Structure formats: C-alpha cells, structure tokens
Amino acid sequence: MGRIRILPDQVANKIAAGEVVERPASVVKELLENSLDAGGTDLRVEVESGGRRLIRIADDGCGMLRDDALLAFERHATSKLRDVKDLLSIATLGFRGEALPSIASVSRLLLETRSAEETTGTRIEIAGGRMLRCEEAALGGGTVITVRDLFYNVPARRKFLRTEQTELAHIASLVTHYSLAHPSKTFLLTSGATELLHVTPVATMKERVYQVFGSHVLDELVELGVRERSLPMPRVSVPPSEGAPPGPRDNEPDEPASRTFRLSGFVSRPQVQKANRNSIFIFVNGRLIRDRLMLHALSSAYYNLMPASSFPFALLFLECDAEEVDVNVHPSKTEVRFRHGPVVHDFVRDTIRERLIESRPAPTFTPAARPVVPAPQPGAALPYSEFSQALANEEPVAVSVADEPRPAMPVAAATDTVLESAPEFALRPPPAPVPRLDFTAPPLEVTPGPPPSGKLQRRLDAHGEFPADALPPPEMSLSVLSELRPLGQIHESFIVAAGRDGLWIVDQHVAHERILFEQVMKQRAAGRVEMQRMLMPLIIQLTPEQQIDYARIATELHASGFETEPFGHRTIAVKAAPAAIGAANVERILFEILETVEGEPAGASLEDLRRNICASIACRAAIKINMRLDAGKMEWLLRELAATDCPMSCPHGRPIALHYSTREILKAFHRV
Ligand code: ADP
Ligand code: MG
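Quick caveat: nothing in here was measured; it's all calculated off a predicted structure.

## Section: the overall build of the protein
A count of helical and extended segments in the protein gives 19 helices and 23 strands. A total of 672 residues make up the protein; the buried ones form 49% of that total. In the protein, the share of contacts with a sequence separation of at least 24, taken over all contacts with a separation of at least 6, comes to 77%.

As structure tokens, then:
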C-alpha cells in the first residue's frame with residue numbers, strides 16, 4: 001500500500017488557517033472583506049480582549065441563502081469565481097473560498113444570516129471545524145458572524161499572540177483603513193464598551209479623512225485629486241509570479257497597447273515626517289495591500305524633499321484594469337504583483353511628485369495650543385499597523401515614539417556636513433521640542449484676573465486697529481519669497497525677512513543648496529555641466545567595493561562633470577570636476593557619492609543616482625552657515641529661492657524656510 005494519503009478536510013482547513021488566520025486582525029480582515037463583497041453599507045465590528053475572546057462583525061449586505069450558508073464552510077467554496085479565467089479579472093476582495101472554513105477550524109463560530117430572498121434566516125454553529133448546529137431562525141437581513149475563543153484548539157498559535165493592546169491596535173488600524181477606502185459606508189468599531197471608530201456616510205474621501213483623523217491631519221495633507229493617465233505598455237511584459245503558468249498572462253496579439261491607471265488620495269506635505277511606515281495606507285483596486293513597489297514609488301516621490309530615514313503620511317488608491325494586477329499571490333491577499341511593475345512605479349512616483357511640487361507650501365509656526373476639532377478617532381491614533389509593520393520588521397526602522405511631526409524650528413540632522421564648518425555654533429536639537437522663537441506662548445500676565453472688561457478692551461484698541469484688508473489669505477505660498485525684505489541674520493546663519501504676509505526665517509545654507517541643486521540638475525539634463533580642469537589629476541585610492549560601485553556609475557559621474565579614469569590598481573585619476581565646487585572638495589564629494597550608491601543593486605534608478613550626485617555637489621558648493629551676508633546677497637538668495645521648483649525643502653529633505661504669518665502674529669498679540 002502506498003504511503004501518501006489525502007488529508008481530511010478538517011486537517012486541510014487547519015493548515016490553511018495557518019496562513020489565512022495569523023492573528024485576530026486577520027479574522028477581522030476576512031470577515032470585513034466578505035461584508036464589503038456582500039454589498040454591506042453598515043459595518044459593525046465588535047471585539048473583546050483584542051479579538052481573542054470575541055470578534056463579531058455585522059453587516060446589512062445580501063446575506064446568504066440557507067444552502068449557501070452551509071456550503072460556505074466547505075473548502076474552496078465561493079460565490080465569487082466560476083472558472084480559471086475569472087482569476088484574471090477579480091473584482092471582489094475575496095475569491096479563494098478559504099476564509100470561512102479556515103476561521104471555523106480554529107475558533108467557535110456562529111453564523112447568523114438571512115438573504116432578502118428568504119423569509120427565515122439560518123443559524124449555524126461550528127467549533128474547531130465541527131458543525132454543532134444548523135437551524136432556521138427569525139433574523140433580520142444581512143449577516144452576523146461571531147468568532148469566539150480564537151485559536152482555542154491551536155495552543156501553539158495562541159502563544160504567539162501579542163498583548164491584547166497590540167492585537168487591538170492591529171484591528172483598529174485595519175478597520176480604519178477600510179473605512180477610509182469606503183467613505184460612503186458606516187463603520188463602527190467597539191472594544192468592550194469603548195467606541196474606537198465611528199464614521200457615518202460622507203460624500204468625499206476628504207470628509208472621511210476629516211472624520212477619522214481630524215482637521216489637524218487634514219491640514220498637513222495635499223489632496224492628489226484623481227490623476228488618470230493612459231500609459232503605453234511595454235511590448236514584452238514582466239513575467240507574472242514565479243511558478244504561475246505563462247499562457248494568457250503574456251502579451252497577446254489583441255491586447256491594448258496602453259492601459260489606464262488612476263491614482264487618488266492624499267499625501268503629506270514634505271515637512272510632515274514620520275519615523276515609520278505606519279501612516280502609509282495603500283489600496284490597489286479597493287484592496288488593502290502591502291507592496292514594496294508602491295512603497296518605493298512613494299519614497300522616490302519624496303526624494304530630495306524629505307530625509308531618507310523619514311516617511312510621509314499617505315493614503316493612496318490605485319485603480320487599474322484587473323488584468324494589470326495579480327492578486328492571487330498570497331493566501332492572505334495582502335500582496336499583489338503588477339504585470340508592468342516599472343510602469344506603475346513611475347506613474348505613482350511622478351504623479352505624487354508633481355502634486356507635491358505644485359503645492360509648494362511652506363512650513364509654518366504652529367501655535368502650540370491650536371484647538372483641534374475634531375480630535376482623531378481613538379482607533380486611528382493607535383500607533384500600530386499590521387500592514388506597515390510587517391514590512392518594517394523586515395527592514396528595521398525607528399520605533400514609533402518619534403512619530404510626530406517635526407518641531408517647526410529646524411533641528412539639524414546631526415550627520416549633516418554643515419556641522420563640520422560650524423564649530424562655535426552647532427545646530428543641535430534644543431533640549432525640549434519647543435520652538436526657540438516661541439511666538440505662540442500666551443502673553444505674560446501679572447495677575448490672573450477676570451477676562452478683559454470692555455474698558456480694557458478699548459484700551460487695547462487704542463494700540464491701533466489693524467486694517468482688516470491687510471490680512472492676506474492664510475494659504476499664501478512661497479511665491480511671496482521674491483518680495484521679501486531681508487531684515488538681517490540670526491547667528492549669521494538664518495535670514496530674517498519681512499513680507500506682506502508676515503515674518504520669514506530662511507536657513508541660508510539649505511536655501512542656497514536648493515538653488516544650486518536645481519541649477520546643476522538643469523545643466524545635467526541639458527548635458528551642459530560646467531567643468532573645471534584640475535591643475536594636476538587628483539589620484540584617489542578606492543576599496544574593492546568602491547571600485548565596483550565606481551565602475552557602475554563612472555558614465556554618470558562623467559556626465560555630471562567628473563572626468564575620471566582608471567589609474568592602475570584600484571586607483572582613479574580625476575582630471576576635471578564640476579565648476580561649482582572647489583578643487584579641495586572633489587575627493588570628499590566623490591567618496592560621498594560612492595557612499596550613497598554603496599551596495600545598490602545594478603538596476604537602481606539612474607534618476608536617483610543623478611539626483612544624488614547633484615545633491616552632493618550642491619551641498620558642497622552652497623554658502624555655509626556662520627557666514628555674514630550683506631543685504632544684496634540676502635535679497636539675491638531669497639529671489640533665487642522663490643524661483644526654484646521646490647523652495648520648501650533642501651535636497652536632503654530638510655525645511656528651508658519657516659513662516660510666521662501675519663494672522664498668527666496678530667493672534668499672538670490678541671489683535672484678532
Ligand atoms: P471568499 O470570500 O473567498 O469567496 P469565504 O470563505 O470568505 O470565501 O466566503 C465564502 C462565501 O460565503 C463567499 O463567497 C460568499 O458567497 C459567502 N459569504 C461570506 N460572508 C458573507 C457575508 N457577510 N454576506 C454574504 N455572503 C457571505
Ligand atoms: Mg472572503
């Protein structure tokens with residue numbers, strides 16, 4: 001007799017559960033997706049003990065017919081697919097028919113459901129995959145699924161669960177994500193007696209963001225709008241997932257030459273810098289996913305606008321032809337594979353970047369006690385996200401303690417080269433995260449008395465009424481930089497300037513860096529980088545790794561103004577360098593560039609490399625802090641800065657200018 005046996009369904013389901021049901025949040029995800037697929041518009045999620053003791057999801061969707069309700073717990077039973085062709089164009093969130101039997105095999109599950117077509121409903125009880133009860137019941141329309149004692153029969157899995165708080169945070173993050181993707185639906189999440197999220201239908205995504213995160217977050221975001229583009233498809237397609245059969249996925253003769261991609265959502269202004277990816281929510285065709293390609297496209301969009309170690313807030317919705325994306329990559333359906341990955345990547349990167357550059361906002365001093373109405377929903381504030389965390393675990397990133405917008409006053413990155421040239425005045429983070437120029441502090445009062453009387457009010461007025469029409473619109477952008485009047489320098493490092501719309505403080509080094517960076521990039525694009533010959537070739541010794549990196553980027557180096565050639569064993573000779581940098585800096589810049597490309601895969605983007613090289617040149621060539629500037633020079637700097645594409649952050653992503661608007665000045669002086 002042979003030794004191979006077919007596993008009984010019960011065992012097979014438990015094995016599948018290992019992949020599908022990793023933790024309570026996975027149960028919530030599967031059930032919520034089913035409710036959405038069923039057309040539910042009112043989705044209520046109730047949990048106890050972080051979902052270990054109880055998860056209940058109620059929807060007002062189409063419900064199940066009695067026969068279907070029984071069938072739903074069979075392995076691979078689904079109403080969403082008919083044949084293998086359907087796999088290429090899946091429009092529902094579910095399709096594998098694995099979730100219900102998997103969940104039922106590792107918990108005590110109660111299903112209560114009624115389809116509009118039937119007068120009575122069905123109640124089914126299953127424990128550890130065994131059917132205990134199936135009966136008719138008088139029920140309202142829709143479906144309620146209650147999952148108790150998750151993993152009660154899988155002690156190994158139970159041990160791996162984290163604290164209740166952590167599991168609850170995963171769940172909250174998940175429900176929050178889905179509520180953002182479906183603004184027209186009601187979502188309610190409660191944990192015991194606590195309401196963590198409750199949002200009612202609204203017309204726009206913007207209103208939903210406001211409901212979930214509050215006005216404070218919304219202020220920091222740039223809305224992408226709906227950006228649609230028809231993109232030509234490369235002739236030879238990228239191979240689909242390994243192991244997947246070729247066939248219909250390869251280019252076919254009748255395939256369209258181009259496909260339409262649509263990106264919408266919100267991204268944060270570059271000044272909003274998060275320490276981890278917990279605030280990045282990515283949906284592809286309505287499906288919440290984690291995807292390296294999309295994450296990479298997002299960070300590339302912020303390249304040179306934000307430090308590489310920071311992350312933005314992003315809520316992205318990519319819509320495309322179902323055939324362009326393979327969702328059948330992983331049992332938990334949280335990964336996808338794009339058929340034309342590079343096309344999608346560049347579309348996402350360029351769309352976001354264009355929008356960021358268009359909006360060109362300046363960082364402002366934020367009054368410390370600004371009222372935030374409404375506050376974010378508790379569920380949205382839980383600092384944890386299953387989807388981002390899974391990626392974060394693979395690549396260590398900073399923990400979430402610093403997950404706050406940076407203080408308005410620039411706190412220089414300690415690694416920045418500027419520090420070297422500033423021995424006596426180092427830009428160190430202040431002891432506490434308070435802006436050093438605290439315009440927002442309440443005025444000093446000698447005796448805390450009653451609110452100002454009418455008499456006092458009149459006296460205040462005697463200081464002079466501020467003409468109301470002098471108040472510029474609050475969202476005035478950096479274009480006003482060109483009209484600024486420099487008043488002087490602070491510490492010979494920051495230019496203080498007055499304008500129609502208030503007070504500006506500009507970091508002279510990073511401002512000049514931005515100007516030079518764009519200049520060098522333009523010269524490079526036009527193939528006309530100004531070079532200077534070295535009096536004597538500069539000989540530089542490389543390590544074996546640097547030698548490899550050098551060989552890879554030599555052509556681009558040359559095009560960027562560094563004329564170099566191999567000179568014996570692991571040595572290169574530099575014969576010319578970009579005119580903008582002094583000869584004394586050449587060696588340092590070259591090592592800096594080699595360091596930034598260290599260990600990059602051979603296919604790393606040429607665009608990124610080009611930007612890196614230009615950023616290094618700009619940084620070295622820019623005026624330093626601790627340097628006295630005369631009025632003419634300051635005026636020139638502000639004018640040039642105003643003319644750049646991106647006057648709000650330096651090529652390394654630090655803020656350039658701080659703005660204290662007239663309105664805020666007036667508010668601080670209690671004049672408005
Ligand atoms: P899948 O979602 O991949 O089809 P599931 O195991 O999650 O597989 O669900 C099996 C089937 O049960 C679904 O195809 C659907 O027909 C039905 N079903 C599950 N949940 C609901 C629900 N909340 N409302 C209506 N039908 C549901
Ligand atoms: Mg499902």
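## Section: the nonpolar core
Counting 60 residues, the largest nonpolar core has V147, V175, Y178 and L315 as its most contacted members. Top contributing element to this core by residue count: helix α6 (residues 164-181), with 8 residues. In this view, V147 contacts V27, L31, R53, L54, I55, I103, S107, R108 and L109; residues no more than four positions away in its chain are not counted. Within the second largest apolar cluster, 38 residues are counted, among which are V267, L316, V327 and V343.

## Structural notes on the sheet that holds strand β18 (residues 494-499)
Within a sheet, neighbouring strands are paired by backbone hydrogen bonds and run either parallel or antiparallel to one another. Judged by pairing direction, the sheet is antiparallel, and its 4 strands sit side by side in the order β17-β18-β19-β23 without closing on themselves. The open sheet has two edge strands with one neighbour each: β17 (485-490) and β23 (657-661). Recorded for the sheet is a direction-independent mean angle of 20° between the axes of neighbouring strands. Looking at chain direction, β17 and β18 are connected through 5 bridges and run antiparallel. Its bridge partner lying in β18, Q489 is registered against I495. Contacts from helix α14 (residues 508-525) reach β17, β18 and β19 (502-507), with the element oriented near 75° to β19. The strands touched by helix α18 (residues 631-642) are β17, β18 and β19; relative to β17, the strand with the most contacts, the crossing angle is about 110°.

## Remarks on the site of ligand 1
Around ligand 1 lies a shell of 20 residues, among which N34, T78, S79, K80 and G97 are the nearest. Here T78 contributes a side-chain N or O atom positioned 2.5 Å from an oxygen atom of ligand 1. T143 is positioned with one of its side-chain polar atoms (N or O) 3.3 Å from a nitrogen atom of ligand 1. Considering ligand 1 on its own, with 530 Å² of exposed area, one finds that the protein chains cover 93% of that surface. The site holding ligand 1 turns out to be the second largest pocket. If you list the elements that add at least two residues to the shell around ligand 1, you get α2 (24-37) and α4 (99-105). Counting residues per element, the shell around ligand 1 draws most heavily on α4, at 3 residues. Residue classes in the shell around ligand 1 are distributed as 8 nonpolar, 8 polar and 4 charged.

## Looking at the packing of aromatic side chains
All chains considered together, the criterion is met by 6 aromatic pairs. On the numbers, 5.3 Å between centres and 90° between planes, the contact of F213 with F313 is edge-to-face. Of this pair, F213 sits in helix α7 (residues 205-213) while F313 sits in the loop between α9 (292-301) and β14 (314-320); the two residues are 100 residues apart in sequence, bridging distant segments of the chain. Residue F213 is classed as buried on the basis of its relative accessible area, which comes to 6%. One aromatic cluster in this structure is built from Y178, F283 and F317. Taking the ring centre of Y152 as reference, the NZ or CZ of R108 above it sits at 3.9 Å.

## Some details on the packing of α14 against helix α17 (residues 606-621)
Where α14 contacts α17, the two axes come as close as 8 Å, and the packing angle between them is 135°. Taken together, the axes of α14 and α17 lie oblique to each other. When the axes of α14 and α17 are compared, the crossing they make is right-handed. The segment α14 lies against α17, with H509, H512, E513, L516, F517, V520, M521 and R524 engaging E607, R610, R611, C614, A615, I617, A618, C619 and A621.

## A word on the pattern of salt bridges
Close approach of charged atoms allows side chains with opposite charge to pair. Scanning all chains against the criterion turns up 29 salt bridges. Taking the shortest distance from any N to any O, the salt bridge between R123 and E135 comes out at 3.2 Å. Pair noted here: R123 is in strand β4 (residues 121-127) and E135 is in strand β5 (residues 130-137), with a separation of 12 residues, a long-range link. Relative accessible area serves as the criterion here: at 22%, R123 is assigned to the partly exposed category. A relative accessible area of 25% means that E135 is categorised as partly exposed. Between E323 and R259 there is a salt bridge; the shortest N-O distance is 3.6 Å. Taken together, the residues E323 in the loop between β14 and β15 (325-326) and R259 in strand β11 (residues 258-268) connect sequence positions 64 residues apart. Overall, the relative accessible area of 38% leaves E323 in the partly exposed class. Here R259 falls in the buried class, since its relative accessible area comes to 7%.

## Remarks on the sheet that holds strand β2 (residues 54-59)
Read from one edge of the open sheet, 8 strands run β5-β4-β3-β6-β2-β1-β7-β8, paired in mixed fashion. Each having just a single partner strand, β5 and β8 (194-199) make up the two edges of the open sheet. If you compare each strand with its neighbour and ignore which way they point, the axes differ by 10° on average. Contacting β1 (42-48), β2, β6 (142-148) and β7 (186-191), α2 runs over the sheet at an angle of about 10° to β2.

## Here's the deal with the confidence of the model for the protein
For the protein, the average pLDDT comes to 78, and 78% of its residues sit at 70 or higher. Within the protein, helix α13 (residues 454-461) has the poorest average pLDDT of any element, 34, and β2 the best, 98. Contacts of residues 242-251 to residues separated by more than four positions or lying in other chains number 17 contacts, the stretch itself having pLDDT below 50.

## Concerning the layout of surface pockets
Of the voids in this model, the second largest pocket is the one considered here, and its volume is about 770 Å³. Around the second largest pocket sit 35 residues that line it, and N34, M64, A72, S79 and K80 are the ones nearest its centre. In terms of residue count, α2 provides more of the lining of the second largest pocket than any other element does, 5 residues in total. Of the residues belonging to the lining of the second largest pocket, the class tally is 16 nonpolar, 10 polar and 9 charged.

## Details of the environment of I589
Looking at where I589 falls in the secondary structure, it is placed in helix α16 (residues 586-596). The sequence separation of I589 and I613 amounts to 24 residues, and the corresponding C-alpha distance is 8.5 Å. Look past the residues within four positions of I589 in its chain and what remains in contact with it is F562, I581, S616, I617 and R620.

## As for the packing of α14 against α18
A pair of packed helices is characterised by two quantities: the angle between their axes and the separation of those axes. Interhelical geometry of α14 versus α18 gives an angle of 50° and a closest axis separation of 9 Å. Between α14 and α18, the crossing angle belongs to the class labelled oblique. For the element pair α14 and α18, the recorded crossing hand is left-handed. Contact residues: Q508, A511, H512, R514, I515 and Q519 in α14; W636, L637, E640 and L641 in α18.

The rules behind each value
- Residues numbered from 1 in each chain as written.
- Chains lettered and ligands numbered in written order.
- Predicted model: local features only at pLDDT ≥ 70, side-chain atom pairs only at ≥ 80, totals over all residues.
- Heavy atoms only, no water.
- Helix = DSSP H or I, 4+ residues; strand = E, 2+ residues; numbered from the N terminus.
- Buried < 20%, exposed > 50% of the residue type's maximum accessible area, 1.4 Å probe, protein only.
- Contact = heavy atoms within 4.5 Å.
- Core = buried A, V, L, I, M, F, W, Y, C linked by side-chain atoms within 4.5 Å.
- Pairing = 2+ DSSP bridges.
- Axes fitted to C-alpha atoms, helices over the stretch in contact; angles between N-to-C directions.
- Near = heavy atom within 4 Å.
- Polar contact = N/O pair within 3.5 Å; in protein donor to acceptor, adjacent residues only side chain to side chain.
- Areas by Shrake-Rupley, 256 points an atom, 1.4 Å probe, with all protein chains shown as cover.
- 1 Å grid on protein atoms, 1.4 Å probe; cavity = no way out; pocket = protein on both sides within 12 Å on 5 of 7 lines; lining within 4 Å.
- Sits in = over half its atoms within 2 Å of the grid points.
- Nonpolar A, V, L, I, M, F, W, Y, C, P; charged D, E, K, R; others polar.
- Phe/Tyr/Trp six-rings, centres within 6.5 Å; stacked < 30°, edge-to-face > 60°.
- Lys NZ or Arg CZ within 6 Å of the ring centre and 35° of its normal.
- Parallel < 35°, antiparallel > 145°, perpendicular 65-115°, else oblique.
- Left-handed = near helix turned anticlockwise from the far one by under 90°.
- Salt bridge = Lys/Arg side-chain N within 4 Å of Asp/Glu carboxyl O.
- pLDDT = per-residue confidence, 0-100.
- Points joined across faces, edges and corners; volume = space filled by probe spheres on them.

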